[in-house]
Amino acid sequence: MSKLFALDIGTRSVVGIIIEEQGENFHVVDLMVEEHKERAMVDGQIHNVLHVATLIEKIKTQLEEKHGPLHKVSVAAAGRALKTEQAAVTINIKNRLAFTEEDISRLELAAVQQAQQQLLQNKEAKNNTSHYYCVGYSVLYYRLDQEEIGSLIDQQGEEASVEVIATFLPRVVVESLLAALKRANLEMEALTLEPIAAINALIPPTMRRLNVALVDIGAGTSDIAITDKSTVVAYGMVPTAGDEITEALSDHYLLDFPVAEKTKKEMAIQDEINIQDILGFDQFYPRSEIMEKLRPAVVQLATAIGTEILRLNNQIAPKAVLLVGGGSLTPDLPMELCKVLELPENRVAVRGIDAIQQLTREDHVPASPELVTPIGIAIAAKRAPIKYMTVEVNKQIIRLFELKEMTVSDALLAANVLATKLYGKPGLALSIKVNDQDIFIPGGHGSPTEIFVNGNKANTKHLIQNGDIIELKEGENGAPAQASVKDILDDAGVKKVYIQDVSYEIQPKITVNGHTVTSDTQLKDRDTVSIKTADTIEEILHWTNNQALIQRLTPFTIYVDNKPVNLPEFASSLSLNSLPIKLHYAMKNNDRLTIKMTELPTVELISNRLNIQLEDRIIVTFQDETLEMIKTCMSVYINGEIAHKSDVIPNGAKIQFVTKDTSNWIYQDVFRFSNWQLPIDFKGSFSILRNEKPSKFDAEIFGGDQLSITLNEIEHESYK
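Procedures and definitions
Residues numbered from 1 in each chain as written. Predicted model: local features only at pLDDT ≥ 70, side-chain atom pairs only at ≥ 80, totals over all residues. Heavy atoms only, no water. Helix = DSSP H or I, 4+ residues; strand = E, 2+ residues; numbered from the N terminus. Rg over C-alpha atoms; globule rule 2.2 N^0.38 Å. Contact = heavy atoms within 4.5 Å. Areas by Shrake-Rupley, 256 points an atom, 1.4 Å probe, with all protein chains shown as cover. Lys, Arg positive; Asp, Glu negative; His and termini not counted. Charge placed at Lys NZ, Arg CZ, Asp CG, Glu CD. Pairing = 2+ DSSP bridges. Salt bridge = Lys/Arg side-chain N within 4 Å of Asp/Glu carboxyl O. Buried < 20%, exposed > 50% of the residue type's maximum accessible area, 1.4 Å probe, protein only. Polar contact = N/O pair within 3.5 Å; in protein donor to acceptor, adjacent residues only side chain to side chain. Axes fitted to C-alpha atoms, helices over the stretch in contact; angles between N-to-C directions. Patch = residues over 30% accessible without salt bridge, like charges linked within 9 Å, V, L, I, M, F, W, Y side chains within 5 Å. Core = buried A, V, L, I, M, F, W, Y, C linked by side-chain atoms within 4.5 Å. Phe/Tyr/Trp six-rings, centres within 6.5 Å; stacked < 30°, edge-to-face > 60°.

1. Here we look at the overall build of the protein chain
1) Next: Scanning the protein chain from terminus to terminus reveals 14 helices and 45 strands.
2) Next: Taken over C-alpha atoms, the radius of gyration comes to 52 Å for the protein chain, far larger than the 27 Å a tight globule of 720 residues would show.
3) Next: Dimensions of the protein chain, computed from the C-alpha atoms along their principal axes, are close to 185 × 75 × 40 Å.
4) Next: Within the protein chain, residue pairs in contact and separated by at least 24 positions form 62% of the contacts whose partners lie at least 6 positions apart.
5) Next: Summing over all exposed atoms, the protein chain offers an accessible surface of approximately 37,800 Å²; the carbon and sulfur share of this is 48%.
6) Next: Each charge sign in the protein chain was given a centre, from 71 positive and 98 negative side chains, and these centres are 3 Å apart.

Quick look at the structure:
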């Protein structure tokens, strides 16, 4: 039967406890509590080693008087000393083979190192120490090409990223514990973390496959640990705890702090509480009335704890929550925490030492939740002691703090081997500008660094032991980026098209740094590339010197006396692969463009279309001869040039109609169209007849008129 001595060094007090191991069972023999007389502990770290050592020695002496000499002790680093950081890392995986489990491990390691760097940049962390032990991390999410994904294994894409929440323990916390114990003539038998201690007491390994949160609510802080998949996956702390409730009671009812603390504990077991304020007045209050005054503080505490649990658990409520510590006795806290986590009321419970399996106790030892952590420290020291181990990384001696099963990743973290060193350097990239847009062409990926443990090939997840020798064989660097113009052309390459059944080869016009080149030209870093392509029908008609066809395809419009006149019937039609199309449509390889031409209109056709009379035409009979008499009424100008009625009018032409002769026809006009003349030797008089009636040379005539001149000889002989 062996005896275990454990110390729980807290912010307000130091608890010493003696437990006897009886086979598979544990029996609590005795405990001693001493409160700090000054602020010797801050955020779980010993700030006054001498004061804490004095309290430890006092407890040790009193227990030794009852139970004999005590030389070794188990202790815990306070959960509030843990530092938690969230960090993300993204890497380019373009052209890389499918992601492997080892790739994921190295990516996670890079994220943990990023979290460690963030911690070192934190002002508070800098004031404490520059060295941390990573005690665990959990993955919040993986992403592939910025989309969240369940697993990266065998995935391919452009980029992969991981975000982790990692927990670190400052080395100075451990060193100050060792210093205080040494002054009290005690040797550290084993070290654990307070959240781990409570978990070892309440949550056996068989239960850790469940996603469960354990919250140790002390006086000043609430420590959180979360289990899942048979291990502890996350730790956290909120600077809010039982003192918040005590202070709320003290403020409202004017109570001394110890009286308020006593009242808070009585509320857990009594329905009516007697309260004596600082003025000496005694009064009984119903528990329900006091609870209403405390409700805002309780809700605030539950909200702070619940929010941190969700953050540590990837915004998912755990299956259950166990509450321990003195602050867990806060009235209605489990109910309010259920509301925050949206859990049924039977999934959040306060647990005392009675819940610890295979544990008995002396009658004077209370079954309080406050004692779960001290008992857990003793049990953890026996079942899962944490020790130092020494390994060699590339001939560098590294000491590791065994807070969990240690892997190659832990050794690399401690040796400050950057995750970027686990791959050969990527090849030099090309940075070029294409059509005023910056394009980055990455170099080849480096090959992964090979890891050997004791001469055998291993990976970052490989478990290590004390004395292991770890060697890294750096991977080869990637090849420099290479690219020709054709590599960046995409779909802008050569294409063959047909226009009116004539084939044309359309090639992009390419310049590099202002000089015309071919698509096979190799590119250099910082080259400026210009690529001009003909894609639309209109662009291709220009590139193939078919601009005249474009003119035929635009809507047919002429300008008559500077006013536009649209004549759609004279426009040509366009089809691509036998389908109607427009000029702004794109042409693809092997497309066929057909333009159905229409006859361009003449001056006469347009004049008729516009009801403009160019000529005045009549038919008459003169001296028994039929005559067609024509005269021009309008002169027509096309783009400033005189035109004939048979001239063709192009699209967009400017037409001007100028009035020339609008007078009526008269008798004497007939002589311009007839060859009839008076006989040379004619002597006598003549008669002018229109429709067999006397007329005159200046008389108006009309189409269809019958005109004649009768000659009268002196001898009265008539001639025609």
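2. A few points about the sheet that holds strand β34 (residues 573-576)
1) Next: If you trace the five strands from one edge of the open sheet to the other, you get β28-β27-β36-β34-β35, paired in mixed fashion. Every other strand in the sheet has two partners, leaving β28 (502-506) and β35 (579-580) as the edge strands with one partner each.
2) Next: One ladder, built from five bridges, connects strand β27 (residues 495-499) with β28; its direction is antiparallel. Paired with Tyr498 across the strands is Ser503, a residue of β28.

3. Digging into the pattern of salt bridges
1) Next: Going through the model one piece at a time under the given rule, you end up with 22 salt bridges.
2) Next: For Glu450, the salt bridge goes to Lys457, with nearest N and O atoms at 2.9 Å.
3) Next: Classification of Glu450 as partly exposed rests on a relative accessible area of 24%.
4) Next: We classify Lys457 as exposed; its relative accessible area is 59%.
5) Next: Between Glu615 and Arg617 there is a salt bridge, with the nearest N and O atoms lying 2.9 Å from each other.
6) Next: Residue classification places Glu615 among the partly exposed positions, given a relative accessible area of 26%.
7) Next: According to the relative accessible area criterion, Arg617 is partly exposed, its value standing at 40%.
8) Next: Shared partners join several salt bridges into a network, and the residues in it are Glu292, Arg295, Asp332, Glu336 and Lys339.

4. Observations concerning helix α7 (residues 257-266)
1) Next: Among the residues of α7, those classed as buried are Ala260, Glu261, Thr263, Lys264 and Glu266.
2) Next: Residues of α7 that are buried sit in contact with α6 (242-253) and β15 (272-276).

5. Structural notes on the side chain of Asn211
1) Next: Locating Asn211 in the fold gives a position in the loop between α5 (194-202) and β12 (212-217).
2) Next: Of the polar contacts made by the side chain of Asn211, one reaches the backbone oxygen of Thr227; its length is 3.1 Å.
3) Next: At 2.7 Å, the side chain of Asn211 forms a polar contact with the side chain of Asn313.
4) Next: In this structure Asn211 touches Ile226, Thr227, Asp228, Asn313, Ala317, Pro318, Lys319 and Ala320, once residues within four positions along its chain are discounted.

6. Observations concerning the sheet that holds β12
Two strands in a sheet stick together by hydrogen bonds in their backbones, pointing the same way (parallel) or opposite ways (antiparallel).
1) Next: If you walk across this open sheet you meet the five strands as β14-β13-β12-β17-β18, and the pairing is mixed. Every interior strand has two partners, whereas the edge strands, β14 (231-238) and β18 (348-350), have only one. Strand-to-strand twist of the sheet, defined as the mean angle between neighbouring strand axes without regard to direction, takes the value 20°.
2) Next: As judged from the seven bridges shared by strand β13 (residues 222-228) and β14, these two strands associate in the antiparallel manner. Paired with Ala225 across the two strands is Tyr235, which belongs to β14.
3) Next: Sitting on the sheet, α5 is in contact with β12, β13, β14 and β17 (320-324), with an inclination near 55° to β13.

7. Some remarks on a nonpolar patch on the surface
1) Next: A contiguous nonpolar surface patch, about 450 Å² in accessible area, is contributed by Leu254, Ile278, Leu279 and Phe281.
2) Next: With respect to the helices, strands and loops of the structure, Phe281 is situated in the loop between β15 and β16 (282-286).
3) Next: Given a relative accessible area of 56%, Phe281 falls into the exposed group.

8. Quick word on the pairing of β34
1) Next: Here four bridges tie β34 to strand β36 (residues 592-596), and the two strands are oriented antiparallel to one another. Bridge pairing in β36 links Leu576 to Leu593.
2) Next: The pairing of β34 with β35 spans two bridges and is antiparallel. Following the sheet pairing, Ser575 is matched in β35 by Pro580.
3) Next: Counting the residues between successive antiparallel strands, the hairpin from β34 to β35 contains two residues, one of them, Asn577, with a positive phi of roughly 55°.

9. Notes on the nonpolar core
1) Next: Counting residues in each nonpolar core, the largest one holds 62 residues, and the members touching the most others are Leu7, Ile56 and Ile375.
2) Next: Not counting the four nearest positions on each side in its chain, Ile375 is found in contact with Ile17, Ile19, Val28, Ile353, Ile356 and Leu359.
3) Next: Ala111, Tyr132, Leu152 and Val453 belong to the second largest nonpolar core, which has 41 residues in total.

10. A closer look at the packing of aromatic side chains
1) Next: In the structure shown here, the tally under the stated rule is eight aromatic pairs.
2) Next: Ring centres of Phe622 and Phe671 lie 5.7 Å apart, and the angle between their planes is 85°; on these two criteria the pair is classed as edge-to-face. Linking Phe622 in strand β37 (residues 615-622) with Phe671 in the loop between β41 (654-659) and β42 (684-690), this pair joins segments that are 49 residues apart in sequence.
3) Next: Residue Phe622 is classed as buried on the basis of its relative accessible area, which comes to 0%.

11. Points about the environment of Ala241
1) Next: Residue position: Ala241 is located in the loop between β14 and α6.
2) Next: Counting along the chain gives 14 residues from Ala241 to Thr227, while the straight-line C-alpha distance between them is 22 Å.
3) Next: Ala241 has contacts with Ile217, Gly218, Ala219, Gly220, Thr221, Ser222 and Leu301, leaving out every residue within four places of it along the chain.

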